[in-house]
Amino acid sequence: MEFFTAFYIEYAVRGMDVKSYILLPSYEACQVMIRDNEDMSEYMFADGDVNMWCIKTAKLSQSIRPMLRPLTQSEGHQGKDDDLPICEGQCKRS
């Protein structure tokens, strides 16, 4: 199972601290984001280094979807009398 990961960014611009985060679908995606943004301080006009972390969350990612269990023939009509054939006398079974 995959969980959302927060890509956390912390830096300073003109002496003011800036902290923000971006939610990503997995921890691996966050690691790629850090590698791709190693030179972030240059284009963020930061006073110094830009600190980046990956913080795992407890929320499941949307990339994992539960798969429904297929119904067996005996479960197919369970509790659904409206779907059963109406027969007078004896019904033929296939």
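Provided above is the structure to which this section pertains.
Remember, predicted model here, so these are calculated numbers, not experimental data. (Residues numbered from 1 in each chain as written. Predicted model: local features only at pLDDT ≥ 70, side-chain atom pairs only at ≥ 80, totals over all residues. Heavy atoms only, no water.)

**Observations regarding the overall build of the protein chain**
As a reminder, the rule being used: Only runs of H or I of at least four residues qualify as helices and only runs of E of at least two qualify as strands under DSSP, and these elements are numbered from the N terminus. Relative accessibility under 20% of the residue-type maximum defines a buried residue, over 50% an exposed one, and the middle range a partly exposed one, all with a 1.4 Å probe and only protein chains included. Here, residues are in contact when the closest pair of their heavy atoms is within 4.5 Å. Areas reported here follow the Shrake-Rupley algorithm with a probe of radius 1.4 Å; residue values treat only the protein chains shown as occluding.
What the protein chain contains, in helices and strands, is 3 helices and 3 strands. Listing each helix as α and each strand as β along the protein chain from the N terminus yields β-β-α-α-β-α. Counting the 94 residues in the protein chain, one finds 19% classified as buried. Long-range contacts, defined here as pairs at least 24 residues apart, represent 57% of the contacts in the protein chain between residues at least 6 apart. As displayed, the protein chain has an accessible area near 8,300 Å², and 53% of this comes from carbon and sulfur atoms.

**Focus on the packing of aromatic side chains**
Our working rule: In summary, the pairing rule links any two rings of Phe, Tyr or Trp, Trp by its six-membered ring, whose centres are within 6.5 Å, and it sorts them by plane angle into stacked for under 30 degrees, edge-to-face for over 60 and tilted for everything else. Here, a charge over a ring is recorded when the distance from Lys NZ or Arg CZ to the ring centre is within 6 Å and its angle to the ring normal is within 35 degrees.
Applying the stated criterion across every chain yields a total of 1 aromatic pair. A centroid spacing of 5.5 Å and a plane angle of 40° characterise the contact between Tyr8 and Trp53, whose relative ring orientation is tilted. Of the two residues, Tyr8 sits in strand S1 (residues 3–13) while Trp53 sits in strand S3 (residues 51–60), which places them 45 residues apart along the sequence. In this structure, Lys56 is placed above the aromatic ring of Tyr27, and the distance from its NZ or CZ to the ring centre is 4.7 Å.

**Comments concerning the sheet that holds strand S2 (residues 16–24)**
This is how it is decided: Should DSSP find at least two bridges between two strands, the strands are taken to pair. Fitted lines through C-alpha atoms give the axes, limited to the stretch in contact for helices. The angle between two N-to-C directions lies from 0 to 180 degrees.
Pairing is antiparallel across the open sheet formed by 3 strands, whose spatial order is S2-S1-S3. The sheet terminates laterally at S2 and S3, the two strands that pair on one side only. Between one strand axis and the next, the sheet turns through 25° on average, direction left out of account. Where S1 lies against S3, 7 bridges are found, and the strand directions are antiparallel. Bridge pairing in S3 links Ala6 to Ile55. Packed onto the sheet, helix H1 (residues 27–36) meets S1, S2 and S3 and runs at close to 165° relative to S3.

**Focus on the pairing of S2**
Pairing of S1 with S2 involves 9 bridges; the strand directions are antiparallel. Of the residues in S2, the one forming a bridge with Val13 is Met16. Counted along the chain from S1 to the antiparallel partner S2, the turn is 2 residues long, and its residue Arg14 has a positive phi close to 50°.

**Observations concerning the side chain of Thr5**
Filter applied, for reference: N or O atoms closer than or at 3.5 Å make up a polar contact, with two conditions inside protein: a donor-capable atom paired with an acceptor-capable one, and, for residues adjacent in sequence, both atoms drawn from side chains.
Summarising the element assignment, Thr5 is placed in strand S1. Reaching out from Thr5, the side chain makes a polar contact with the backbone nitrogen of Tyr27 at a distance of 3.2 Å. If we skip the residues at most four places from it in the chain, Thr5 touches Ile22, Leu23, Leu24, Ser26, Tyr27, Cys30, Cys54, Ile55, Lys56 and Thr57.

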